[in-house]
Amino acid sequence: MDKTLGRVRVGMGLLRSLAIYHNPVSVLRWRRFYKTILKSGELVFDIGAHVGSRARAMRAAGAQVVAVEPQYPFSLFLRRTLPRDITVLEVAIGQEAAEMTMAVSSRHPTVSTLNGDFVTAGASAVGFEHVRWDREQPVSVITLDGLIERFGNPAYVKIDVEGYEIAVLAGLSRPVPLISVEYLPAYPHLAKALVGRLEALGLARFNVVEGESGAFLWPCWRDGEEVTAWLEQLDPTSKPGDLFARPIRN
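Before going into details, it helps to say that this report is about the structure given with it. None of the values given here were measured: they were computed from a predicted structure. Counting from 1, residues in each chain are numbered in the order their sequence is written. Note on the predicted model: pLDDT of at least 70 is required for a residue's local features to be given, and 80 or more for side-chain atom pairs to be given and counted; whole-chain, interface and lining totals, by contrast, use all residues. Hydrogens are left out, water is left out, and the side-chain values use all remaining heavy atoms of the structure.

## Describing the overall build of the protein chain
Working step 1: In this text, helices come from DSSP runs of H or I with a minimum length of four residues, and strands from runs of E with a minimum of two, each type numbered from the N-terminal end. On a plain count of helices and strands, the protein chain comes out with nine helices and ten strands.
Working step 2: For 250 residues, the compact-globule estimate of 2.2 N^0.38 gives 18 Å, and the protein chain sits close to it at 17 Å.
Working step 3: Along the first, second and third principal axes, the C-alpha set of the protein chain runs to 55 × 40 × 40 Å.
Working step 4: Throughout, a residue-residue contact means that at least one pair of heavy atoms, one from each residue, lies within 4.5 Å. Nonlocal contacts in the protein chain, meaning residues at least 24 apart in sequence, comprise 66% of its contacts between residues at least 6 apart.
Working step 5: For the area figures, the Shrake-Rupley method with a 1.4 Å probe applies, and any residue is considered shielded solely by the protein chains shown. Within the structure as shown, the protein chain displays about 11,800 Å² of accessible surface, and the carbon and sulfur contribution to it stands at 52%.
Working step 6: Of the charged side chains in the protein chain, 28 are positive and 27 negative, and the gap between their average positions amounts to 8 Å. In this description the radius of gyration comes from C-alpha coordinates, and the expected globular size is given by 2.2 Å times residues to the power 0.38. Counting rule applied: Lys, Arg positive; Asp, Glu negative; His and chain ends not counted. The atom standing in for a charge is NZ when the residue is Lys, CZ when it is Arg, CG when it is Asp and CD when it is Glu.

If you want it as structure tokens, here you go:
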């Protein structure tokens with residue numbers, strides 16, 4: 001790819017993400033939502049911070065935020081625009097500490113990923129036919145356990161890493177009170193695997209936030225069997241969302 005054209009596509013990808021995720025309506029929704037589930041002073045991790053809309057909403061709720069984003073130019077954008085009391089790390093989170101290569105989509109950077117199978121399956125996944133992963137970026141990878149050793153035990157971990165969520169959770173060996181992971185209706189096998197991994201971590205009650213609604217779908221939290229059945233019946237064209245998990249006792 002011509003370097004000038006490449007820079008233009010990267011810039012357009014950033015602008016596209018800003019237009020989608022800095023929508024004033026969705027920003028307000030997430031701020032209100034996080035104020036209902038987070039307490040002032042709690043430590044939270046935003047894994048896959050992208051343009052920082054969730055990190056900002058968590059900070060507005062009074063949380064201490066560590067935002068993790070390896071992808072350029074988003075990591076640079078976060079460093080320049082997030083409040084100074086939000087910690088930004090330009091690394092990826094995975095199963096073990098390593099150096100890896102990220103598959104990047106210049107035009108659709110929100111689906112850039114460390115999961116090669118996710119890219120391969122994208123050719124036939126509903127809604128991903130137009131996506132092209134056209135370049136690569138080397139990234140440093142650390143684990144969630146390592147992040148906890150450095151910053152302390154979080155009250156909440158948000159994970160949105162385009163099909164790499166299982167690897168992120170594989171690097172976690174200690175309990176966390178609340179975790180959310182992105183689910184993708186176009187990749188139902190990944191969503192089902194996430195439920196099993198979360199249950200293995202002791203998180204056996206689930207709820208869902210559809211799209212950018214900023215509100216729980218169900219008034220009562222459901223068990224793994226119920227949420228798996230719900231995920232399996234989703235139309236592949238449905239919007240992605242966030243699957244929240246917590247222990248039974250909460």
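Once you've had a look at it, read on.
## Let's talk about the environment of P219
Working step 1: The residue P219 is located in the loop between strand 9 (205-210) and helix 9 (224-232) in this model.
Working step 2: Sequence separation between P219 and N207 is twelve residues, and the spatial gap between their C-alpha atoms is 8.7 Å.

## Looking at the side chain of R246
Working step 1: Mapped onto the elements of the fold, R246 is located in strand 10 (residues 241-246).
Working step 2: Buried residues are those whose accessible area, probed at 1.4 Å on protein chains only, stays under 20% of the maximum for their type, while exposed residues exceed 50% and partly exposed ones sit between those limits. Here a salt bridge means any side-chain nitrogen of Lys or Arg lying within 4 Å of a carboxyl oxygen belonging to Asp or Glu. Buried and without a salt bridge, R246 has E226 as its closest oppositely charged side chain, separated by 11 Å.
Working step 3: In this view, R246 contacts P177, L178, L203, A204, R205 and W221; residues no more than four positions away in its chain are not counted.

## A word on the packing of aromatic side chains
Working step 1: We call Phe, Tyr and Trp rings a pair once their centres come within 6.5 Å, taking the six-membered ring for Trp, and we label the pair stacked below 30 degrees between planes, edge-to-face above 60, and tilted otherwise. With the rule as written, the count across this model stands at 15 aromatic pairs.
Working step 2: Ring geometry for F118 and W133: centres 6.2 Å apart, planes at 85°, overall edge-to-face. Residue F118 is found in helix 5 (residues 116-122), and its partner W133 is found in the loop between helix 5 and strand 6 (135-142); the two are separated by 15 residues along the sequence. For the pair F118 and W133, a shared accessibility class is recorded, and that class is buried.
Working step 3: Ring geometry for F118 versus Y187: centroids 4.3 Å apart, planes at 10°, classification stacked. Of this pair, F118 sits in helix 5 while Y187 sits in the loop between strand 8 (179-183) and helix 8 (188-200), and the two are 69 residues apart along the sequence. Each of the two residues, F118 as well as Y187, counts as buried.
Working step 4: By way of ring pairs, the aromatic residues W30, F33, Y34, Y156, F216, W221 and F244 are connected into one cluster.

## Observations concerning the sheet that holds strand 6
Working step 1: Here the rule is simple: two strands pair whenever DSSP picks up at least two bridges between them. Strand order in the open sheet formed by three strands is 4-6-5, and the pairing between neighbours is mixed. Either end of the sheet is taken by a strand with one partner, and the two such strands are strand 4 (92-93) and strand 5 (98-104).
Working step 2: As defined by bridge partners, strand 4 adjoins strand 6 across two bridges and the pair is classed as parallel. Within strand 6, the position partnered with I93 by the bridge is I142.

Keep in mind these numbers describe shape, not what the thing actually does.
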